[in-house]
Amino acid sequence: MPHGDADAVAPAETAHSHRRSIRSFSLRGARLGDKYEPVMAEHGSAYLISFPHGEGISTISPAAHVDFAQEFGREAPLIVEVGPGSGEQLVASALAHPEYNYVGMEAWPAGVARCIKNAVAAGVSNVRLMQLDAAQGLPVLFPADAAAGSAAHGRFRAAEAAGSAAHGMPHAAEVWTFFPDPWRKRKHRKRRLISPEFAHTVAGVLAGGGRWRLATDWANYAWQMRDVLMESPWFDLIPAACPQQSFAHSSAAPAAAPEMAEGSGQAGWCNCLDVLAHEPAALSDYRPSSSDNRLSGSGAELSYDLGLYRGGFAPRWEERVTTRFEERGIEAGRAVYDILALRNDVPLDAYPIPPDPWIAAAARGERVLADQPGVTPPPSSRSGWLREQQREQ
């Protein structure tokens, strides 16, 4: 949690227009090409959720309402994937768990078409796609007043999310954000999707006890994700280093966080304080989730943790499929980090949105090694990716 409320951002100030002043994505073109236009013409109406559009690119009108039960023709636990890519994870999970409803939110038209093509090929009927900027659209689809209503009447549990609603809006059992654009240059990090504001948005989407699963192959982004979630009062991290404990916030926690030793990082209430230590712990305490499987012995560098905190990474989720994005990172010698965060019982309006942890640390005079200027991670080889895009056009 932040040291004080002075630097925090009040939830009311994060209106849709403010949140989307900087986009976390760049559209690569709207042309589908001969490979996808027939698929969209034949199957788009079955898989694509239509909605009134907003003023910006891939946005939804703030007055829009989407009834997911009606879209799927049933009430079932809802899982939302932000940026599903080609839909490998969505389709694999939909096949393995037909009892769930899956919604993928993809801003790129060709990405939506690729997801639908894969869903059609697999024959799944419990997948829907929305061509939508999730950071702008999620607060519309899951408005804060609905989340506040559910908190006032007791938080929904993830297992009870199906059919539960406040103002007609169900909550999701899980949200997935796998391999978002890392925006590797320091000057571009403001475009990264994972931020304190987006964490607040996801908290409003999830049922109480719901899970937010994240993964990235960029160590710098992994540290930032972890630091953002460590300081988000609405999430508890479930790390590999402390399998029986979570780094938990509580609605019953004291208004003032306990004092920490100088240089130990942000103050906060946790039931495992080792994560707050700035002295490096054993590498096994915070190594990437991939270090125990696919990258074992591959020569990939297991970097020291250079973020504001230490540790907090989860084991690789056994149901997360290996996508082309992960393959590309592994081929480039990068490690893969998984993060698992649980939605706790803290109401959305209990605290203001914390400031960016690295910016706040710099303002306090603290030095975050991961946020130093002049250090840009090398890009991975894109030649194969470019050839793939050209073939699909």
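Residues numbered from 1 in each chain as written. Predicted model: local features only at pLDDT ≥ 70, side-chain atom pairs only at ≥ 80, totals over all residues. Heavy atoms only, no water.

*Asks:* Tell me about the pairing of strand β5 (residues 206-216), and name the residues and values.
*Replies:* Across the 11 residues that make up β5, a large majority, 9, are buried. Sheet analysis places strand β4 (residues 172-178) next to β5, joined by 6 bridges and oriented parallel. Considered in β5, the bridge of W176 is made with R213. A crossover connection joins β4 to the parallel β5 through helix α8 (residues 196-205); in handedness this β-α-β unit is right-handed. One ladder, built from 6 bridges, connects β5 with strand β7 (residues 337-343); its direction is antiparallel. (Buried < 20%, exposed > 50% of the residue type's maximum accessible area, 1.4 Å probe, protein only. Helix = DSSP H or I, 4+ residues; strand = E, 2+ residues; numbered from the N terminus. Pairing = 2+ DSSP bridges. Right-handed = clockwise from strand over helix to strand, strands pointing away.)

*Asks:* Could you give an account of the pattern of salt bridges, with specific residues and numbers?
*Replies:* For side chains bearing opposite charge, pairing can occur when the charged atoms are close. One pass over the full model with this rule turns up 10 salt bridges. R186 serves as the salt-bridge partner of D371, at 3.5 Å between the closest nitrogen and oxygen. Of this pair, D371 sits in the loop between α11 (357-363) and α12 (383-392) while R186 sits in the loop between β4 and α8, and the two are 185 residues apart along the sequence. Its relative accessible area of 15% is what places D371 among the buried residues. Of the charged contacts, one joins R334 and D217 as a salt bridge, the two residues approaching to 2.7 Å between their closest N and O atoms. Of this pair, R334 sits in the loop between α10 (324-331) and β7 while D217 sits in the loop between β5 and α9 (219-230), placing them 117 residues apart in sequence. For the pair formed by R334 and D217, the shared burial category is buried. Among the charged side chains, a salt-bridge network with shared partners connects R316, R320, E326 and D338. (Salt bridge = Lys/Arg side-chain N within 4 Å of Asp/Glu carboxyl O.)

Without other data, these values stay purely geometric and don't point to any function.
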